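Each chain, written out:
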Amino acid sequence: MAGKVVKYACDMDKNVLVSNFEKRKWVHVGPEDDWNFYWSGVQTTRNIFNVDSGYRLTDDQLINHFPNHYELTRKDLMVKNIKRYRKELDKECSPYAEKDENGKYIYLDFIPTTFLLPADYNLFVEEFRKNPSSTWIMKPTGKARGIGIFLINRLSQLKKWSRDSKTSSFQAPSAKESYIISRYIDNPLLIGGKKFDLRIYVLVTSYRPLKAYIYKMGFCRFCTVKYSANVNELDNMFIHLTNVSIQKHGEDYNAQHGGKWTVENLRLYLEGTRGKEVTDKLFDDINWQIVHSLKSVSNILANDRHCFECYGYDIIIDDNLKPWLVEVNASPSLTSTTSNDRIMKYNLINDTINIVMPYKDLPDIRWHKTPPKELYGDYELLYDEELAQADIERDSKSRLGGTLTFGARGREARSRPTATWK
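Keep in mind that this is a model prediction, so the values were computed, not measured. (Residues numbered from 1 in each chain as written. Predicted model: local features only at pLDDT ≥ 70, side-chain atom pairs only at ≥ 80, totals over all residues. Heavy atoms only, no water.)

**Q** Explain the overall build of the protein to me, please; I cannot follow it from the model alone.
**A** The secondary structure content of the protein amounts to 12 helices and 16 strands. Evaluated residue by residue, the protein yields a buried proportion of 53% over its 422 residues. Nonlocal contacts in the protein, meaning residues at least 24 apart in sequence, comprise 68% of its contacts between residues at least 6 apart. When the accessible surface of the protein is summed, it comes to about 20,500 Å², and 49% of that surface belongs to carbon and sulfur atoms. (Helix = DSSP H or I, 4+ residues; strand = E, 2+ residues; numbered from the N terminus. Buried < 20%, exposed > 50% of the residue type's maximum accessible area, 1.4 Å probe, protein only. Contact = heavy atoms within 4.5 Å. Areas by Shrake-Rupley, 256 points an atom, 1.4 Å probe, with all protein chains shown as cover.)

As structure tokens, then:
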């Protein structure tokens, strides 16, 4: 096996991908040829794993999506799975599912109140009437890059949009198109008066047992126009939507820095303005949310050993420094808007490949996917279910269980050598 040439196929002509493959002296082949490593689009992955295709992957083939990744990356399914996960933990009387006196989850309240339209229309109306001054954000479930998103603060806007104002029932404009409607986070943390969100990269190499890495070089994406909660500004997407694909068309867009800030800069800014303790808690909360969103789908995702996935997590922080999970992207953009962006994304792909196939040989799915730490690059081990299980067993021997504990990335256990969240 040693010294054999790795053959790669790729669905996208992105410099940060191709230059990584060429640096390794991999040979480019077509998707219909014998490939060892495929960086594919989601539709290609679906076709490959479609039972009707008759395609069988061999032990020396790796692909960059899990077959049914959409359970996490489609907006409606992510919400549905997190809600189901919370209910299951509730039934098991898990301490994770503990609620406060208002019936809100204490540890698992990290997605805004969300409904699926048209299915949950009546439930949404009931919730809206409890707080008629609230603002809601509507998103098509299957689209990305801010396409089709708008804000509403009156039920009449929804009825007008559904082209069905004669009746009180809601109909989507197309039978195929479902939407989610979520309570809008109208108190976002602002920096320089502008709203931003976080893009954090998370690599999953296995769902059972769950094994995930978090990339240290995430970034903030800023709006180009100062934030305003004024109802007359609800249509101004340069105020409300952080997507670069939208902001780059704004008059105030800065092509040099692309409206981006590194997570490291954010951390330094928050430590200076809010203090180290609350900043640490914020980042611990983000890690916690990522792990539990992955756990919510770990039993329903097809854990194919030919697969790995690098997700783009989008998180909004409110002015109480509470993070909210907005969505998870299966194909985070690899387009570079600035030179810093290009370097970061090149390194992201390089470090990803080093973790999923760290040796110069061909891929081998029988490999246990535990690379030496020096190959992590800018990744950190976020969660390893096997190590977490060993932690739990060791802890239960030394003390009575029942309390919520964090692993070594959490503040309570930094003195311990393991690197897991639990």
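Okay, back to it.
**Q** How should I be thinking about helix H1 (residues 15-23) in this particular structure?
**A** Residues spaced three or four apart along an α-helix point in a common direction, a consequence of the helix completing one turn every 3.6 residues. Inspection of H1 places Val16, Leu17, Val18, Asn20 and Phe21 among the buried residues, and these make up the whole buried set. The inward-facing, buried residues of H1 contact strand S1 (7-10), strand S3 (37-39) and helix H11 (339-356).

**Q** Whenever I open this one, the sheet that holds strand S6 (residues 136-140) confuses me. Can you help?
**A** The pairing of strands in a sheet happens through backbone hydrogen bonds and is either parallel or antiparallel. Pairing is antiparallel across the open sheet formed by four strands, whose spatial order is S5-S8-S6-S7. Looking at strand neighbours, the two that pair on one side only are strand S5 (114-117) and strand S7 (150-152), the edges of this open sheet. With direction set aside, neighbouring strand axes in the sheet form an average angle of 25°. Two strands pair when backbone bridges link them, and S6 and S7 are joined in this way by three bridges, in the antiparallel orientation. For isoleucine 137, the partnering residue across the bridge sits in S7 and is leucine 151. In this fold helix H4 (residues 75-91) packs onto S5, S6 and strand S8 (179-183), with an angle of close to 130° to the strand it touches most, S5. Each of S5, S6, S7 and S8 is contacted by helix H5 (residues 121-130), which is oriented at about 140° to S5, the strand it contacts most. (Pairing = 2+ DSSP bridges. Axes fitted to C-alpha atoms, helices over the stretch in contact; angles between N-to-C directions.)

**Q** Can you walk me through the sheet that holds strand S4 (residues 62-63) in this structure?
**A** Taking strand neighbours across the sheet as the criterion, the four strands line up as S2-S1-S3-S4 in an open arrangement whose pairing is parallel. Edge strands, defined here as strands with exactly one partner in the open sheet, are strand S2 (27-28) and S4. In this sheet, S2 lies alongside S1 in parallel orientation, the contact comprising two bridges. In the sheet register, tyrosine 8 faces S2, and the bridge partner there is histidine 28. Along the sheet, H1 contacts S1 and S3; its crossing angle with S1, the most-contacted strand, is approximately 175°.

**Q** Teacher, can you tell me more about the packing of aromatic side chains here?
**A** In this description, an aromatic ring pair is defined by two values, namely the gap between the centres and the angle between the planes. Evaluated as defined, the whole model comprises 21 aromatic pairs. Between phenylalanine 115 and tryptophan 136, the ring centres sit 6.1 Å apart and the planes meet at 40°, which makes this aromatic pair tilted. Pair noted here: phenylalanine 115 is in strand S5 and tryptophan 136 is in strand S6, with a separation of 21 residues, a long-range link. Overall, the relative accessible area of 0% leaves tryptophan 136 in the buried class. (Phe/Tyr/Trp six-rings, centres within 6.5 Å; stacked < 30°, edge-to-face > 60°.)

**Q** It is not clear to me how the pairing of strand S11 (residues 210-215) should be interpreted in this structure. Could you clarify?
**A** On a regular strand, one side chain projects to one face of the sheet and the next to the other, so that they alternate. Extensive coverage of S11 is indicated by the burial of six of its six residues. Where burial is concerned, the two faces of S11 agree: the one with Leu210, Ala212 and Ile214 and the one with Lys211, Tyr213 and Tyr215 are both buried. Sheet topology note: the strand S10 (residues 194-207)/S11 ladder contains five bridges and is antiparallel. Looking across to S11, one finds that serine 206 is bridged to lysine 211. Hairpin connection of S10 to S11: two residues between the antiparallel strands.

**Q** For this particular structure, what's the right way to read the packing of H1 against H11?
**A** Axes are the key here: two packed helices are described by the angle between their axes and the distance separating the axes. Interaxial distance between H1 and H11 falls to 9 Å at its minimum, and their mutual angle equals 50°. On the basis of the axis angle, H1 is oblique to H11. In this structure, H1 crosses over H11, and the sense of that crossing is right-handed. The residues of H11 that touch H1, namely those facing Asn15, Val16, Leu17, Ser19, Asn20, Phe21 and Lys23, are Arg342, Lys345, Tyr346, Ile349, Asn350 and Ile353. Looking at the contact of H1 with H11, its residues break down into six nonpolar, four polar and three charged. (Parallel < 35°, antiparallel > 145°, perpendicular 65-115°, else oblique. Left-handed = near helix turned anticlockwise from the far one by under 90°. Nonpolar A, V, L, I, M, F, W, Y, C, P; charged D, E, K, R; others polar.)

**Q** I tried to follow the side chain of asparagine 64 on my own but got confused; where do I start?
**A** Counting through the fold element by element, asparagine 64 comes out in the loop between S4 and helix H3 (70-73). Here serine 40 takes part through its backbone nitrogen, which lies 2.7 Å from a polar atom of the side chain of asparagine 64. Discounting chain neighbours no more than four positions away, the residues touching asparagine 64 are Tyr38, Trp39, Ser40, Phe308 and Glu309. (Polar contact = N/O pair within 3.5 Å; in protein donor to acceptor, adjacent residues only side chain to side chain.)

**Q** Can you help me understand unusual backbone geometry in this one?
**A** Excluding glycine, most residues fall at negative phi; most peptide bonds, likewise, are trans. Between leucine 117 and proline 118 the backbone carries a cis peptide bond, its omega angle lying at 10°. Relative to the helices and strands, proline 118 is located in the loop between S5 and H5. Backbone torsion omega between arginine 208 and proline 209 reads 0°, so that peptide bond is classified as cis. Non-glycine residue cysteine 93 carries a positive phi angle of around 55°. Here cysteine 93 lies in the loop between H4 and S5. In this structure cysteine 93 comes out as exposed when scored by relative accessible area, which is 66%. Here leucine 321, not a glycine, exhibits a phi torsion of approximately 60°, which is positive.

**Q** How should the packing of H4 against helix H10 (residues 276-297) be read in this particular structure?
**A** Two elements in contact, H4 and H10, have axes whose closest approach is 8 Å; the angle formed by their N-to-C orientations is 90°. Relative to H10, the element H4 is oriented roughly perpendicular. Every residue of H10 that contacts H4 at Asn81, Ile82, Arg84 and Tyr85 is listed here: His292, Ser293, Lys295, Ser296 and Val297. The residue inventory of the contact of H4 with H10, partitioned by class, reads three nonpolar, four polar and two charged.

**Q** How do you make sense of the nonpolar core when you look at a structure like this?
**A** Nonpolar side chains tend to gather and get buried jointly when the protein is soluble and globular. Ranked by size, the top nonpolar core spans 56 residues in total, and within it Tyr207, Leu294, Tyr311 and Tyr313 carry the most contacts. For this core, the element with the most residues is H10, which contributes eight residues. If you look at the next biggest cluster of nonpolar residues, it comprises 30 residues, including Trp39, Tyr215, Ile355 and Val356. (Core = buried A, V, L, I, M, F, W, Y, C linked by side-chain atoms within 4.5 Å.)

Nothing here speaks to function; it is geometry throughout.
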